[in-house]
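Coordinate inspection notes
If you want the building blocks of each chain, they are given just below.
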Number of protein chains: 2
Amino acid sequence: MTVRRVDWMALDEAEREAVLQRPTMALDATVRVAAARVIDQVRADGDAALRALTRRYDQVEIDAIQVAPDAFLAARQAVSDALYEALVAARDRIATYHRAGMAEGFDIETAPGVRCGRVIRPIGRVGLYVPAGSAPLPSTALMLGVPAMLAGCRDVVLCSPPRPDGGVDPAVLVAAQLCGIEKVFRVGGAQAIAAMAYGTGTVPRCDKLFGPGNAYVTAAKQAVAQDAGGAAIDMPAGPSEVLVIADSGADPEFVAADLLSQAEHGPDSQVLLLSDSVEILDAVTIELERQLATLPRAELAVQALSSSRLVRVRDLDQAFDISNRYAPEHLILALREPEGWLDRVQAAGSVFLGDFAPEALGDYNSGTNHVLPTGGAARAYSGVSVSSFQTTISVQSVSREGLRAIGPGAAEMARAERLVAHERAVTRRLARGDA
Amino acid sequence: MTVRRVDWMALDEAEREAVLQRPTMALDATVRVAAARVIDQVRADGDAALRALTRRYDQVEIDAIQVAPDAFLAARQAVSDALYEALVAARDRIATYHRAGMAEGFDIETAPGVRCGRVIRPIGRVGLYVPAGSAPLPSTALMLGVPAMLAGCRDVVLCSPPRPDGGVDPAVLVAAQLCGIEKVFRVGGAQAIAAMAYGTGTVPRCDKLFGPGNAYVTAAKQAVAQDAGGAAIDMPAGPSEVLVIADSGADPEFVAADLLSQAEHGPDSQVLLLSDSVEILDAVTIELERQLATLPRAELAVQALSSSRLVRVRDLDQAFDISNRYAPEHLILALREPEGWLDRVQAAGSVFLGDFAPEALGDYNSGTNHVLPTGGAARAYSGVSVSSFQTTISVQSVSREGLRAIGPGAAEMARAERLVAHERAVTRRLARGDA
């Protein structure tokens with residue numbers, strides 16, 4: 001196993017760009033065409049297409065597409081008490097954090113007689129996608145289900161691929177039920193996205209779709225988001241990634257463990273370590289080899305580590321410049337005074353402060369959301385929150401007095417824009433003797 | 001001129017669907033291909049492409065692409081004092097409203113020793129597009145510039161098409177300057193979007209693009225938003241639209257004026273009037289004809305009105321059901337007790353309450369934003385606000401005590417997801433005698 005070591009100071013601009021280049025997600029034309037074909041098939045044939053595509057891609061025959069109510073009961077029994085309690089505690093902590101961040105309406109007077117405000121509404125029907133490729137992800141069901149519940153969405157739909165026995169993973173079902181979700185469908189891949197975006201006989205059509213997925217899922221989400229008759233989506237999705245900034249006092253065992261926990265997500269995950277300490281870089285390299293030796297998913301991690309970098313930087317200030325340029329999904333600050341550095345973070349999905357905050361806590365149960373912008377999208381996108389499941393509507397209420405206060409200004413601007421009907425909608429009201 | 005009158009109760013489901021069908025925006029394959037070609041050209045040839053495309057599409061030779069500092073001074077002199085004062089007052093009112101809606105960070109304890117919070121950051125560099133097709137839109141410069149300024153974006157770039165004399169409209173320049181924007185470029189269309197998304201020698205590359213535009217601009221925005229190396233965009237854009245709900249006490253002159261002020265935006269604008277009063281529908285029909293007779297942009301409005309509908313409904317409750325299904329960009333409640341009906345609004349961009357709140361006030365200077373979701377996107381999208389120019393970053397700080405509190409639960413969930421390296425990132429820390 002070799003992780004590439006580089007010295008940032010010794011690189012020219014092109015080499016620096018190359019170091020920060022992400023492994024491309026396999027979203028080539030083939031994937032887009034395949035996803036588009038699946039979407040067309042689902043739109044044309046509905047539930048029959050879902051059954052046929054599940055047969056082809058999951059090698060499973062599904063008769064009833066929706067998970068029956070008694071399956072939730074069976075799922076609870078199939079899940080250990082320890083896992084159940086962990087899921088309940090995680091849900092509660094995620095709810096506490098997400099509730100604290102909820103937006104509120106307001107109502108102010110912007111001029112005498114002009115009241116402007118904002119009301120917040122849940123998105124009517126939302127679709128959650130919970131992947132189960134290399135492993136089922138009950139944590140993702142919580143990360144999407146809790147904010148949907150807090151937002152008050154009228155209808156919450158969840159799709160997850162069936163296991164070989166035709167059922168949805170019991171832990172995913174338990175997590176769904178802990179969020180009050182009753183409509184779960186055993187469908188995965190691009191066909192699940194198509195079903196939720198356009199509706200089938202069984203799967204209801206949703207206004208917005210959420211959740212991570214493989215390249216086909218991502219391509220399908222992009223396609224339906226582009227279609228005016230499709231559905232909105234949470235954010236562009238890509239391979240997971242972490243950037244660690246470590247000072248000379250960091251613990252190499254912990255740093256290596258965090259890098260590996262990101263790398264095990266898949267061969268296209270990326271991990272970056274920035275440090276001003278050669279000793280730390282050396283020690284982490286040794287630790288990586290040592291920890292890899294006993295890791296069951298080592299092949300995956302080795303592949304991911306091949307596109308990863310341990311980068312020596314001049315100082316921590318330079319490390320933050322690089323991090324802001326890269327805009328990582330996860331940013332771990334393995335620093336002695338991490339709080340003091342937080343102001344330097346301009347773009348990242350989620351930040352982990354100190355030696356005892358492994359990324360895994362954010363993935364599961366610290367309370368923050370783990371559906372986060374990847375691939376540099378953190379420059380302009382935020383992670384999933386309750387507001388992802390809501391819209392805000394502006395409201396203005398104008399009295400006669402208010403119209404007298406701001407109507408003439410509006411008419412002046414309308415004239416400048418040569419929009420005469422706009423002007424007249426104002427002046428006709430102003431002209432009324434009683435206005 | 002004929003506006004179609006329909007009786008909702010007499011329609012079957014397919015006919016109802018047809019009534020709510022929007023005039024499609026001409027975003028067909030030809031437009032997409034043309035926009036993609038423009039993007040390719042700008043990426044390949046940079047500023048030279050901008051000059052060539054401006055020559056071709058705007059019939060203008062531009063030498064310097066960036067507007068020079070002294071042009072702002074000249075623009076102020078070219079704008080009347082009345083318009084200048086209207087713009088200043090509008091800016092201040094927009095700022096008051098948008099400041100009131102700004103999100104704040106927070107920081108809570110989700111378990112003993114586990115602090116989770118959220119910090120808010122401005123998006124680094126944003127690009128604003130201000131169209132100037134049939135008329136220049138200084139109001140759009142304010143609607144985008146004010147929230148960008150309040151968000152604290154480091155760099156704000158504005159593109160607007162050149163006039164025949166090669167300059168940018170003076171009112172647009174004044175509006176830009178009122179928002180502290182110095183980087184204005186005389187480029188329009190898909191080429192402006194491409195320049196801001198990828199950068200040229202002159203135009204800096206932006207993280208997120210905002211603003212309305214024609215079909216080519218919209219297609220270009222969609223294309224760069226799909227490209228992982230492109231830029232994020234504010235929302236899907238489409239033709240403007242209004243839905244008015246009027247009761248028997250509404251003023252037909254005002255209602256007709258509002259319908260026409262929307263219709264004059266362009267031939268593909270759509271206006272819908274819902275009322276439970278036949279008398280009002282009759283009176284508005286007469287008013288429309290009367291007001292059209294003196295309207296300069298009557299041809300446009302007549303075209304728009306041809307795809308519009310005056311709909312008789314059973315009662316106001318049914319009107320709100322239809323409105324929520326349609327999810328209009330603008331919703332005018334020409335009702336006697338409009339505040340009492342606000343709770344019934346589930347999906348809309350901006351709502352106008354009462355007889356003295358014409359949509360034109362929201363377009364210009366009530367304080368709310370006029371960049372709003374169209375085409376039914378209000379079901380899942382919100383209008384532009386300060387948060388459109390910001391990202392939120394989650395932060396977790398975990399002490400040894402915190403790790404002991406939530407680490408075992410995280411490890412349990414990691415085991416369920418078969419992510420051993422995740423589990424070990426937690427258990428290695430727990431295993432430390434000092435943890």
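Residues numbered from 1 in each chain as written. Chains lettered and ligands numbered in written order. Predicted model: local features only at pLDDT ≥ 70, side-chain atom pairs only at ≥ 80, totals over all residues. Heavy atoms only, no water.

Here the focus is the sheet that holds strand E1 (residues 4–7) of chain A. Pairing within the open sheet is mixed, and its 9 strands lie in the order E1(A)-E11(A)-E10(A)-E9(A)-E12(A)-E13(A)-E14(B)-E3(B)-E2(B). Strands at the two margins of the open sheet, each flanked by one partner only, are E1 of chain A together with strand E2 (106–111) of chain B. For this sheet the average axis-to-axis angle between neighbouring strands, irrespective of direction, equals 20°. Bridging between strand E13 (residues 350–353) of chain A and strand E14 (residues 390–398) of chain B involves 4 bridges; their strand directions are parallel. Residue pairing in the sheet places A:Phe352 in a bridge with B:Gln396 of E14(B). (Pairing = 2+ DSSP bridges. Helix = DSSP H or I, 4+ residues; strand = E, 2+ residues; numbered from the N terminus. Axes fitted to C-alpha atoms, helices over the stretch in contact; angles between N-to-C directions.)

Bringing the UniProt feature "active site" (unreviewed entry) in chain A into the picture now. All names here are of chain A. UniProt marks Glu 329 and His 330 with the feature "active site" (unreviewed entry), using the numbering shown here. With respect to the helices and strands, Glu 329 occurs in the loop between helix H13 (316–326) and strand E12 (330–334). A relative accessible area of 5% means that Glu 329 is categorised as buried. Among the polar contacts made by the side chain of Glu 329, one reaches the side chain of Ser 240 at a distance of 2.9 Å. Residue position: His 330 is located in strand E12. Here Glu 241 takes part through its backbone oxygen, which lies 2.9 Å from a polar atom of the side chain of His 330. (UniProt positions renumbered as here; feature names shortened; annotations may be inferred. Buried < 20%, exposed > 50% of the residue type's maximum accessible area, 1.4 Å probe, protein only. Polar contact = N/O pair within 3.5 Å; in protein donor to acceptor, adjacent residues only side chain to side chain.)

In the numbering adopted here, UniProt assigns the feature "binding site: Zn(2+)" (unreviewed entry) to A:Gln262, A:His265, A:Asp363 and A:His422. Spatial dispersion of the annotated residues is evident: they stretch over 161 residues in sequence, and the largest pairwise C-alpha distance comes to 55.5 Å. One can find A:Gln262 in helix H10 (residues 252–263). In contact with A:Gln262, not counting residues within four places along its chain, are A:Ser240, A:Glu241, A:Val242, A:Ser269, A:Gln270, A:Val271, A:His330 and A:Glu359. The residue A:Asp363 is located in helix H15 (residues 359–364) in this model. With relative accessibility at 8%, the residue A:Asp363 sits in the buried group. When residues no more than four places from it in sequence are discounted, the contact partners of A:Asp363 are A:Ser139, A:Met143, A:His265, A:His330, A:His370 and B:His422. (Contact = heavy atoms within 4.5 Å.)

This next bit is on unusual backbone geometry. Trans is the prevailing form of peptide bonds, just as negative phi is the prevailing case for residues other than glycine. We note that A:Gln59 has phi near 55°; this positive angle belongs to a residue other than glycine. For A:Gln59, the location among the structural elements is in the loop between helix H3 (47–58) and helix H4 (69–78).

Residues and elements named next belong to chain B. With respect to burial, E14 is a largely interior element, 8 of its 9 residues being buried. Pairing analysis gives 9 bridges linking strand E3 (residues 114–122) to E14, with the strands arranged antiparallel. Note on E14: the bridge partner recorded for Arg 121 is Thr 391.

So, on to the packing of aromatic side chains. Summed over the entire model, instances satisfying the criterion amount to 8 aromatic pairs over all chains. Centroid distance A:Tyr97 to B:Phe106: 5.2 Å. Interplanar angle 50°. Geometry classified as tilted. On the criterion of chain membership, the pair formed by A:Tyr97 in helix H5 (residues 81–100) and B:Phe106 in strand E2 is interchain, its members lying in two chains. With a relative accessible area of 7%, A:Tyr97 lands in the buried category. Ring geometry for A:Phe210 against A:Phe389: centres 3.9 Å apart, planes inclined by 10°, an arrangement best described as stacked. Remark: A:Phe389 occurs in the loop between H15 and strand E14 (390–398) and A:Phe210 occurs in strand E7 (residues 208–210); sequence separation between them is 179 residues. By the burial criterion, A:Phe210 is buried, and A:Phe389 matches it. (Phe/Tyr/Trp six-rings, centres within 6.5 Å; stacked < 30°, edge-to-face > 60°.)

What follows deals with helix H16 (residues 400–416) of chain B. Residue and element names in this part refer to chain B. For H16, with 17 residues, the first-to-last C-alpha span of 24 Å sits near the 24 Å given by 1.5 Å per residue. Ile 406 marks the point of greatest bend in H16, at about 45°, and the proline Pro 408 comes within the next four residues. Taken together, the buried positions of H16 are Gly 402, Leu 403, Ile 406, Gly 407, Gly 409, Ala 410, Ala 411, Glu 412, Met 413 and Ala 414. Within two residues after H16, Arg 418 carries a phi angle of roughly 55°, on the positive side. (Expected span 1.5 Å × (residues − 1). Bend = angle between axes of the 7 residues up to and from the residue.)

What follows deals with the pattern of salt bridges. All names here are of chain A. Applying the stated rule across the entire model yields 52 salt bridges over all chains. Between Lys 183 and Asp 155 there is a salt bridge, and its shortest N-O distance comes to 2.7 Å. Remark: Asp 155 occurs in strand E5 (residues 155–159) and Lys 183 occurs in strand E6 (residues 183–185); sequence separation between them is 28 residues. The partner of Asp 355 in a salt bridge is Arg 336, with the nearest N and O atoms 2.7 Å apart. (Salt bridge = Lys/Arg side-chain N within 4 Å of Asp/Glu carboxyl O.)

Listed by partner, the interface residues are 114 residues for chain B and 114 residues for chain A. Taken together, the two surfaces of chain B and chain A that pack against each other cover about 10,100 Å², and 57% of this comes from carbon and sulfur. Inspection of the chain B/chain A interface yields 8 salt bridges. Applying the counting criterion to the chain B and chain A interface returns 64 residue pairs in polar contact (both at pLDDT 80 or more). For the side of chain B that touches chain A, the element with the highest residue contribution is H16(B), accounting for 10 residues. Along the lines of polarity and charge, the residues of the side of chain B that touches chain A split into 57 nonpolar, 32 polar and 25 charged. (Buried area = accessible area lost by both parts, 1.4 Å probe. Nonpolar A, V, L, I, M, F, W, Y, C, P; charged D, E, K, R; others polar.)

Glancing now at the environment of A:Thr392. Here A:Thr392 lies in strand E14. In this structure A:Thr392 comes out as partly exposed when scored by relative accessible area, which is 24%. Residues contacting A:Thr392, with those up to four places away along its chain left out, are A:Arg118, A:Val119, A:Ile120, B:Gly349, B:Ser382 and B:Gly383.

This brings us to the side chain of B:Thr140. With respect to the helices and strands, the residue B:Thr140 is situated in helix H6 (residues 138–151). Ignoring sequence-local partners within four residues, the contact set of B:Thr140 consists of B:Tyr129, B:Val130, B:Pro131, B:Pro212 and B:His370.

Superposition record for chain B on chain A: RMSD 0.0 Å, screw rotation 180°, translation along axis 0.0 Å. Given the turn and translation reported, the copies of this chain are related as if by a two-fold rotation axis. Minimal C-alpha separation from the rotation axis in chain B is found for B:Ala103, amounting to 3.6 Å. When the interface residues of chain B are mapped onto chain A, 100% of them are again interface residues, pointing to one common binding face. (Least-squares fit on C-alpha atoms with pLDDT ≥ 70 in both.)

The next thing to look at is helix H2 (residues 29–45) of chain A. Since the α-helix packs 3.6 residues into each turn, any two residues three or four apart lie on the same face. All names here are of chain A. Over its 17 residues, H2 runs 24 Å from end to end, which matches the ideal 24 Å to within 8%, given 1.5 Å per residue. Inspection of H2 places Val 31, Ala 35, Val 38, Ile 39 and Val 42 among the buried residues, and these make up the whole buried set. Buried residues in H2, looked at end-on, bunch into an arc of 100°, giving them a common side. Turned more than 90 degrees away from the buried face of H2 sit Ala 29, Thr 30, Arg 37, Asp 40 and Ala 44, all of them exposed. Here the buried face of H2 lies against H3, helix H8 (189–198) and helix H9 (215–226). Just past H2, the residue Gly 46 takes up positive phi, approximately 55°. (Arc of directions from axis to C-beta.)

In this section: the side chain of B:Ser350. Its place among the elements puts B:Ser350 in strand E13 (residues 350–353). On the basis of relative accessibility, which here comes to 1%, the residue B:Ser350 falls in the buried class. Here A:Ser394 takes part through its side chain, which lies 2.7 Å from a polar atom of the side chain of B:Ser350. Discounting residues that sit within four places of it in the chain, B:Ser350 has contacts with A:Ile393, A:Ser394, A:Gln396, B:Glu329, B:His330, B:Leu331, B:Thr368 and B:Leu372.

Moving on: the pairing of strand E4 (residues 125–129) of chain A. Residue and element names in this part refer to chain A. Among the 5 residues of E4, 4 are classified as buried, and the element is accordingly described as predominantly covered. Across 3 bridges, E4 lies against E7 in parallel orientation. In the strand pairing of E7, Val 126 is matched with Lys 208.

Let's shift gears to the sheet that holds strand E6 (residues 183–185) of chain B. Spatial strand order, E6-E5-E4-E7-E8 (chain B): 5 strands in an open sheet with parallel pairing. Pairing within the sheet leaves two strands with one partner each, and these edge strands are E6 and strand E8 (232–233) of chain B.

To continue, consider the environment of B:Val302. For B:Val302, the location among the structural elements is in helix H12 (residues 298–306). Placed 39 residues apart in sequence, B:Val302 and B:Ala263 show a C-alpha to C-alpha distance of 7.8 Å.

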